[in-house]
Amino acid sequence: MTTTDSRADRIARFPFPFPRDQYRYSTNVEPAGHSTDTVAGSWGDTRIAIDAHYHRERAERERILAEDPSRHQCLPHMVPAAWDAMLTLMRTLADEYPDTMTLARRGVGWYWKNDLLGIEHTFVFGDLDTLPAQPLVYICGQIQEDVVLLDQREGELWGDAGLVTFAADWSFGFDVGMSFLEIHGPVPRIHSENIITRAHNFLMRLEPGQSYRRTNWTLTVDGKLDTSTETYPEWGKDRRTLADGPLDEVGDRLFLRTEVQHLIRLAHSGAVMFLIRTYLLPFRDVASVPEWGERLYRVLEDLPVDMAEYKGISRTREPGMRWLLTHGNVEL
Amino acid sequence: MTTALETVAGEITGGLTLTVREARLLCPGIRHIVLADPAGRPLPSFTPGSHITVNWAEGRHNSYSLTGPSIEPDHYAISVRLDENGRGGSRWIHDLQPGQMIRASRPRSAFAPVLTARHHLLIAGGIGVTPILSHVRAALEWGRSFDVIYSFREQCGAHADELAALCGDRMITVSTPGELADRLIPALADQPLGTHVYTCGPAPMIAAVAAWARDCGWPPGRVHSEAFGAGPLADGAPFAAKLGRSGMIVPVPSGTSLLEALLDRGIKVPNLCRQGVCGECRLSVRGGEIEHRDLFLTAEEKAAGESMMPCVSRSAGDRLELDL
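Residues numbered from 1 in each chain as written. Chains lettered and ligands numbered in written order. Predicted model: local features only at pLDDT ≥ 70, side-chain atom pairs only at ≥ 80, totals over all residues. Heavy atoms only, no water.

An unreviewed UniProt entry lists chain B under the name Oxidoreductase, with Rhodococcus oxybenzonivorans given as the organism. As its UniProt record puts it under Cofactor (unreviewed entry), chain B is described as follows: "FAD". (UniProt positions renumbered as here; feature names shortened; annotations may be inferred.)

Chain A goes by DUF3445 domain-containing protein in an unreviewed UniProt entry, where it is assigned to Rhodococcus oxybenzonivorans.

Okay, the side chain of A:T278 next. All names here are of chain A. Tracing the sequence through the fold places T278 in strand β12 (residues 272-282). Owing to a relative accessible area of 3%, T278 belongs among the buried residues under this scheme. A polar contact is formed between the side chain of T278 and the side chain of R257, at a distance of 3.4 Å. In contact with T278, other than residues within four places in its own chain, are F166, L225, R257, T258 and E259. (Helix = DSSP H or I, 4+ residues; strand = E, 2+ residues; numbered from the N terminus. Buried < 20%, exposed > 50% of the residue type's maximum accessible area, 1.4 Å probe, protein only. Polar contact = N/O pair within 3.5 Å; in protein donor to acceptor, adjacent residues only side chain to side chain. Contact = heavy atoms within 4.5 Å.)

On to the layout of surface pockets, then. Any empty space left between atoms is shown by rolling a water-sized probe over those atoms. Residue and element names in this part refer to chain A. Counted as a void, the second largest pocket has a volume near 1000 Å³. Together, 39 residues line the second largest pocket, and I183, H184, V187, N216 and Y310 are the ones closest to its centre. Within the residue set of the lining of the second largest pocket, elements represented by two or more residues are β8 (146-153), α5 (172-175), α6 (180-183), α7 (195-204), β10 (211-221), β11 (254-265), β12 and α12 (305-311). In terms of residue class, the lining of the second largest pocket is built from 23 nonpolar, nine polar and seven charged. (1 Å grid on protein atoms, 1.4 Å probe; cavity = no way out; pocket = protein on both sides within 12 Å on 5 of 7 lines; lining within 4 Å. Points joined across faces, edges and corners; volume = space filled by probe spheres on them. Nonpolar A, V, L, I, M, F, W, Y, C, P; charged D, E, K, R; others polar.)

Counting across every chain of the model gives 38 salt bridges over all chains. Of the charged contacts, one joins A:R153 and A:E154 as a salt bridge, the two residues approaching to 3.7 Å between their closest N and O atoms. You can call A:R153 buried: its relative accessible area is 13%. Of the charged contacts, one joins B:D323 and B:R245 as a salt bridge, the two residues approaching to 3.3 Å between their closest N and O atoms. Of this pair, B:D323 sits in the segment after β19 (319-322) while B:R245 is found in the loop between β13 (239-243) and β14 (249-252), placing the two residues 78 residues apart along the sequence. Of the residues examined, B:D323 reaches a relative accessible area of 26% and is grouped as partly exposed. You can call B:R245 exposed: its relative accessible area is 61%. Salt bridges sharing common partners tie together A:D51, A:R56, A:E57 and A:R277. (Salt bridge = Lys/Arg side-chain N within 4 Å of Asp/Glu carboxyl O.)

What follows concerns the nonpolar core. Residue and element names in this part refer to chain A. Counting residues in each nonpolar core, the largest one holds 59 residues, and the members touching the most others are L203, W217, L256, F283 and L300. In terms of residue count, the dominant contributor to this core is α7 (six residues). Core analysis: the second largest hydrophobic core is formed by 39 residues, W83, L87, L103 and V147 among them. (Core = buried A, V, L, I, M, F, W, Y, C linked by side-chain atoms within 4.5 Å.)

So, in structure tokens, the structure goes:
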């Protein structure tokens, strides 16, 4: 794949997150597993998305996890859910990528083959001695998605396990063990409108095997996948250098970051699995699709201050808008 | 519990077609049925304590707990007590023969173990042993701490031998309510903090266990019993929707949502989740009484009766007038 093809492919597969000129929080869930068309292409035909960046992003995850093993957390009662998540992800990969992924039962064990990485392995479900790493670590080394597992008990959901290396301005290590409602406590505007309560009720009613999805978004400087709270000292200053730097650089340094989140009820453990897949597209590529450039400008222009503050884009949205005014298809 | 959920009309959505692989009497009045995918494919995994809903006649369904292995199993197993006073579902099950095909829902969980529990006290009464059996299998698999008390009348101990073999000295059996009280009340008074109790059996037994637990100072959140009925929404009665602007009348049959009926007529209504949570399909209502079944509108909005979510909500009467 040439660089031009790769760039065209990234644009064509980008899940552009804005259906209208104004963005507000909503319970924007829809059934998963179908393709959504955009003006530049389409996305979402599979629950797990393997693309041209598979090897690079996998290596990046491995590097982050080696430096900071706390990105993986599994409270003791979540061990069965972690195994359940691993097997469910393998089953999904085998169903969605039959040419390269295989899952089969072999007597008391399971046979797993991933041709993209040359992995062939047999394991016994629940027996850690038969796996080279803990189940979430093992399977997250083979996908580009971050994973969070929610336990359902006492009429609430609890974020009790997961592996998150590509967090956008939050820390899974800090949130682990909190309830869903606590985790979302700081999000502005959503409480008066009952958005989180509704999402919470919806998730608790998910039936085994059901899967839904939603998108979320923010802006990121220099295309960094890991902008978690833990590494703030490394990336926090990027926002300032972007804002203070030449406008010409903004198109290549500032990225629209879309998360496609899949919500899947695991059938054996009953846990709710969140898959968070991060897509990054530089403003220059966003603006290469005229409808997107204008739409992004309108959304940024309209976004209330408290929401911009929470998303961590109060410094970067102005330069982003100025750049789009010059290079995007924006008519004032 | 064997038969609790029975919906009145309509088909099971997204269900499974299964073939009867095996049928045998476990003990007088209790029949064990083994079901499999006709093509031999693995069946969906399930949570301990799950049930499937079996379609036994046009619009008639009964729910039965799954007793067998739970991870992509090659079969589902249910054990059904013949209820001579029932509507006929258990009789139908008792007449099933190997090779017959049946329609069933995918497994649903209404009685899952609490994973943070320090200890699980499992109480089975009669055929209520079925979900307890799957709890025990999972507890052994994951090394969870548990004890079982199984109450049954002589010669009616379905799965008693199998359960005893799994549990060893972690199970005791009793045969009368008095014996159950003698064994259970002291046990309830002497459990480690963080223990959860699970009861499945006749309603009076569930009530008695709950009362004894309360008397011993147990918080209600630590006492669980099998409660079916968390399944899909009922199909609802048929009604007609009048579109206020065009005067068009759209009939909405039982089992069809108002949203589906409108879309079928080519009327564009934006929609997303179709579960009554996202709010995308909200419609303004000009007249008629609404049966709200969504999680989106607030209590005040529902009381005002001026808008509804047509993906799940229906008319409380035979007609609604919409602002469309």
